[in-house]
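# Breakdown of the fold
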Amino acid sequence: MQEILDASQPSDWRTPENKNLLYLDLDSGRVLIELAPAFAPAHVANIRALAKNGYWNGMSINRAQDNFVVQWGDPAQEEKDRKPLGRGAKAKLPAEFARKTKGLPFDRLPDVDGWAPEVGFSGGFPAGRDPAADAAWMAHCYGAVGAGRDMAADSSNGTELYVVIGQSPRQLDRNITVVGRVLQGMELLSVLPRGTGPLGFYEQPSQRTPIKSIRLASEVPKKERVGIEVLRTDTPLFAELVEARRNRRDEWYKHMAGHIDLCNVPLPTRAPPPKPVAEKAKPKPRAKKPRSGAKPAGASKS
């Protein structure tokens, strides 16, 4: 796989838009989350508004369930004690479990899937698709970010977000709105102490992980932003990468699987390579002035 990535060209990579990048800052470091407005436009718009309002600043990660998810939001149990959403944020949103397939790019994988008629990637996000039902949705792979809800399908508003830290719970597909995925910093979330309460909730406030801030990259000063590029999934190089993982041909493997699961396809990221330094043009030599009495080149001798 590394050999394939080493042979990549700049056109094989893309730079996420700053308006779709969330910076989740913890004492242990920074987590980068890419939002997916193509799948959940109403939720993404609300998350942007919440981030601009500093809604999550000073809150905490309140749940870490082993082999499942970590979740953050307002820990207050009573509605009257909850923090106001702030300007531009809505308390009520539609469920965005799936969307129409028209106009949605889809880079299909070659293998069958137990959770969808077709699986692949759309804009860099792992997704399922059902052409007969004209429906496409984001998959609950490792690192997927979703919006927690109550019993009603339309009871999420993006204030309670979770990240998958365990084996892909694909049974959640089309049952919860998925809003994006983690690009960088999963190791900061996957190692959090597991909660001892029901569903992995922490029983004591002291067990929670404080959130310093959650901001949009577009709201962060340029000098504080993180440079990151994501491998595009609509290129021949990505198809080659998938095949290299699908059928491992290195010497250690004695049997080629001939199959790959959607959530086992790697989605590489990298820091942008340094820009080549342009060479300074050498100054042209100045023409020497003719000596007194001497004629310039090309002058007639008459």
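Residues numbered from 1 in each chain as written. Predicted model: local features only at pLDDT ≥ 70, side-chain atom pairs only at ≥ 80, totals over all residues. Heavy atoms only, no water.

Identification of the protein chain as peptidylprolyl isomerase from Lysobacter arvi is taken from an unreviewed UniProt entry.

Counting secondary structure elements, the protein chain contains four helices and 16 strands. Its C-alpha atoms put the protein chain at 105 × 55 × 40 Å along the principal axes. Split into buried and exposed, the 302 residues of the protein chain put 45% on the buried side. For the protein chain, the computed accessible surface area is about 17,200 Å², with 52% contributed by carbon and sulfur atoms. The average position of the 45 basic charges and that of the 35 acidic charges among the side chains of the protein chain differ by 14 Å. (Helix = DSSP H or I, 4+ residues; strand = E, 2+ residues; numbered from the N terminus. Buried < 20%, exposed > 50% of the residue type's maximum accessible area, 1.4 Å probe, protein only. Areas by Shrake-Rupley, 256 points an atom, 1.4 Å probe, with all protein chains shown as cover. Lys, Arg positive; Asp, Glu negative; His and termini not counted. Charge placed at Lys NZ, Arg CZ, Asp CG, Glu CD.)

Bringing the nonpolar core into the picture now. A general tendency of soluble globular proteins is for nonpolar side chains to be buried together. One finds Trp56, Trp72 and Leu189 to be the most contacted residues of the largest nonpolar core, which totals 36 residues. In terms of residue count, the dominant contributor to this core is helix H2 (residues 41-52) (five residues). With residues up to four places along the chain from it excluded, the contact list for Leu189 reads Leu24, Leu26, Val31, Ile61, Val70, Val163, Ile165 and Val182. Leu5, Ala116, Cys141 and Val265 belong to the second-largest nonpolar core, a separate cluster that totals 20 residues. (Core = buried A, V, L, I, M, F, W, Y, C linked by side-chain atoms within 4.5 Å. Contact = heavy atoms within 4.5 Å.)

The subject of this paragraph is the side chain of Glu160. Locating Glu160 in the fold gives a position in the loop between strand S10 (144-147) and strand S11 (161-164). Within the local environment of Glu160, its side chain forms a polar contact with the side chain of Gln71, the two groups lying 3.2 Å apart. Polar side-chain contacts of Glu160 include one of 3.4 Å to the backbone nitrogen of Asp74. Not counting residues within four places of it along the chain, the set of residues in contact with Glu160 comprises Gln71, Trp72, Gly73, Asp74, Arg82, Gly146, Ala147 and Gly148. (Polar contact = N/O pair within 3.5 Å; in protein donor to acceptor, adjacent residues only side chain to side chain.)

The next subject is the environment of Asp130. Relative to the assigned elements, Asp130 resides in strand S8 (residues 125-130). Residue classification places Asp130 among the buried positions, given a relative accessible area of 16%. Not counting chain neighbours up to four residues away, the residues in contact with Asp130 comprise Pro117, Ala135 and Trp137. A distance of 3.2 Å separates a polar atom in the side chain of Asp130 from the backbone nitrogen of Ala132.

Residues Ala135 and Trp137 point to one face of strand S9 (residues 135-138) and Ala136 and Met138 to the other, with burial holding for every one of them. The pairing of S8 with S9 spans four bridges and is classified as antiparallel. Looking across to S9, one finds that Gly128 is bridged to Trp137. Two successive antiparallel strands, S8 and S9, enclose a turn made up of four residues, where Asp134 displays a positive phi of approximately 55°. (Pairing = 2+ DSSP bridges.)

A complete count under the given rule lists one disulfide for this structure. In this model Cys141 forms its disulfide with Cys263; the gap between the sulfur atoms is 2.0 Å. Classification of the bridge connecting Cys141 and Cys263 rests on its S-S torsion, roughly -75°, and on that basis the disulfide is left-handed. Highlighted residues: Cys141 in the loop between S9 and S10 and Cys263 in the loop between helix H4 (236-246) and strand S16 (269-270), separated in sequence by 122 residues. The burial state of Cys141 is the same as that of Cys263; both residues are buried. (Disulfide = S-S within 2.5 Å.)

Here we come to the packing of aromatic side chains. Evaluated as defined, the whole model comprises three aromatic pairs. The interplanar angle of 80° and the centroid separation of 5.6 Å between the aromatic rings of Tyr55 and Trp56 together place this pair among those described as edge-to-face. Residue classification places Trp56 among the buried positions, given a relative accessible area of 0%. Here the aromatic rings of Trp252 and Tyr253 are separated by 5.0 Å at their centres, their planes lie at 80°, and the arrangement is edge-to-face. Taking the relative accessible area as the measure of exposure, Trp252 reaches 68% and is therefore exposed. The ring of Trp137 is capped by Arg174, whose NZ or CZ atom sits 3.8 Å from the centre of that ring. If you follow Arg181 out to its NZ or CZ, it ends over the ring of Phe125, 6.0 Å from the centre. (Phe/Tyr/Trp six-rings, centres within 6.5 Å; stacked < 30°, edge-to-face > 60°. Lys NZ or Arg CZ within 6 Å of the ring centre and 35° of its normal.)

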